[in-house]
Amino acid sequence: MRVYVVTAPKQIRGIYETWADCKAAATGCTGARYQAVDSREKAEALLNGRGVRLDPGRYGFRDGNAAGGVGIVFVNQPDKGEAIATEISTSVEVFNSHTVVGLPSEAHVLAALGRLHNILAEMAGLSYVLLHTPPGSRITIVHDYEGVAAWIEGRWKAKDPVVEAVVDACSSLIRNRRLEVTFRHQRGHQSTWAGRDDYARWNARANKLATLGSLPRRLPDVGVEPAVATEEIEHLSADTQVVAVAGQAM
């Protein structure tokens, strides 16, 4: 259930059931920090100052866009200390080196992108995460597009033959690499303005890396300026490694 949390200033701190109530409290209040969250539990975590933190383990945050860009953040959260992250900016061209029925060539990949838009990029991100997770590992895959989990878990049935082939290929990777995969949905474009939210933070990074990975010939379709995306990379923390793949120079 969507609620609104205000964490500052002290006199208006609290959880608000409606945007109208939150807006009324925050309007004209200097230093107000507030945002929408998708559960009361998350609102309470922000309000008590702990925020939303990753449990210890391995995570794969991934995102894809209609321009074919794919952004991936592998996060290892130890029992103690800060997370160690590896960030990858790539595109649907990862399928060029990972054979999938229906995508035997770059031309087929681009044709599928033109038809499926962000869906192909979302599934390319899933495929990349599965292919680069160590065999026998446990991993939580965080996604903001529901199909990523719904197709793999069998809740949705793929109607497009390419999507069906990609889903089959991903299922085979899970099985053959003996991966223990769980999925967590994270609402896209969620703010961290009111406090710490690790899921929102890394999901936003995956989104920005996908923008960076957008195929140049597709950029006009979505209005992306490459210089803006490239600038984002200059502000990464020291414990983050960034990798460009699929022939894209950093």
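Refer to the structure presented above.
Note that the structure is a prediction, hence the values are computed from the model and not measured. (Residues numbered from 1 in each chain as written. Predicted model: local features only at pLDDT ≥ 70, side-chain atom pairs only at ≥ 80, totals over all residues. Heavy atoms only, no water.)

Caption draft 1: Region of interest: the overall build of the chain. On a plain count of helices and strands, the chain comes out with nine helices and nine strands. Sequence separation of 24 or more characterises 65% of the internal contacts of the chain that already satisfy a separation of 6 or more. Surface accessibility of the chain: about 12400 Å² in total, with carbon and sulfur atoms responsible for 52%. (Helix = DSSP H or I, 4+ residues; strand = E, 2+ residues; numbered from the N terminus. Contact = heavy atoms within 4.5 Å. Areas by Shrake-Rupley, 256 points an atom, 1.4 Å probe, with all protein chains shown as cover.)

Caption draft 2: Fine view of the side chain of S127. Along the polypeptide, S127 turns up in helix α4 (residues 118-131). Once you skip the residues sitting within four places of it in the chain, S127 turns out to touch F95, H98, C170 and L173.

Caption draft 3: Focus on the nonpolar core. Counting residues in hydrophobic clusters, the biggest one holds 42 residues, and the most contacted among them are L103, L120, L126 and L130. Counting residues per element, the ones that place at least two in this core are β5 (69-77), α3 (106-116), α4, β7 (138-143), α5 (147-152), α6 (161-176) and β8 (180-185). In terms of residue count, α6 provides more of this core than any other element does, nine residues in total. Contacts of L103, omitting those with residues within four sequence positions, involve F95, H108, V109, A112, L120, V162 and V166. Core analysis: the second largest hydrophobic core is formed by 14 residues, L54, Y59, A85 and Y199 among them. (Core = buried A, V, L, I, M, F, W, Y, C linked by side-chain atoms within 4.5 Å. Buried < 20%, exposed > 50% of the residue type's maximum accessible area, 1.4 Å probe, protein only.)

Caption draft 4: Here's a closer look at unusual backbone geometry. Cis geometry is found at the peptide bond from A8 to P9, where omega equals -5 degrees. Checked against the element boundaries, P9 lands in the loop between β1 (3-8) and β2 (14-16). Not every positive phi belongs to a glycine, and H117 is a case in point at roughly 55 degrees. Considering the arrangement of structural elements, one finds H117 in the loop between α3 and α4. Given the relative accessible area of 36%, H117 is considered partly exposed.

Caption draft 5: Spotlight on helix α7 (residues 198-213). Under the 1.5 Å per step criterion, the end-to-end length of α7 is 23 Å for 16 residues, consistent within 8% with the ideal 22 Å. Among the residues making up α7, those that are buried are D198, Y199, A200, W202, N203, R205, A206, L209, A210, L212 and G213. Where α7 begins, one side-chain oxygen reaches toward the backbone nitrogen of Y199, 3.1 Å away; that side chain belongs to D197. (Expected span 1.5 Å × (residues − 1). Polar contact = N/O pair within 3.5 Å; in protein donor to acceptor, adjacent residues only side chain to side chain.)

Caption draft 6: Fine view of the side chain of S214. Here S214 is to be found in the loop between α7 and α8 (219-222). For S214, a relative accessible area of 6% corresponds to the buried category. A polar side-chain atom of S214 sits 3.2 Å from a polar atom in the side chain of N65.

Caption draft 7: Inspection of the sheet that holds β2 at higher detail. On the basis of which strands lie adjacent, the open sheet formed by three strands has the order β2-β1-β3 and antiparallel pairing. Two strands lie at the open edges of the sheet, namely β2 and β3 (33-37), each paired on one side alone. In this sheet, adjacent strand axes meet at a mean angle of 25 degrees when their direction is disregarded. Contacts from helix α2 (residues 40-47) reach β1, β2 and β3 within the one sheet, and its direction differs from that of β1 by about 0 degrees. (Pairing = 2+ DSSP bridges. Axes fitted to C-alpha atoms, helices over the stretch in contact; angles between N-to-C directions.)

Caption draft 8: View of the packing of aromatic side chains. Enumeration over the complete set of coordinates arrives at eight aromatic pairs. Plain terms: the ring middles of W19 and Y34 are 6.0 Å apart, the flat faces sit at 40 degrees to each other, and that makes the pair tilted. With W19 in helix α1 (residues 19-26) and Y34 in strand β3, this pair connects stretches of sequence that are 15 residues apart. Classification of W19 as partly exposed rests on a relative accessible area of 40%. Among the aromatic residues, ring-to-ring pairing joins Y4, W19 and Y34 into one connected group. (Phe/Tyr/Trp six-rings, centres within 6.5 Å; stacked < 30°, edge-to-face > 60°.)

Caption draft 9: Expanded view of the pattern of salt bridges. A complete count under the given rule lists 10 salt bridges for this structure. Measuring nitrogen to oxygen at the nearest pair gives 2.3 Å for the salt bridge that ties R62 to E122. Remark: E122 occurs in helix α4 and R62 occurs in strand β4 (residues 57-64); sequence separation between them is 60 residues. Accessibility expressed as a relative area gives 0% for R62, which makes it buried. In this structure, D198 and R196 form a salt bridge, with 2.9 Å as the shortest nitrogen-oxygen distance. Each member of the salt-bridge network shares a partner with another, and the members are D38, K42 and D197. (Salt bridge = Lys/Arg side-chain N within 4 Å of Asp/Glu carboxyl O.)

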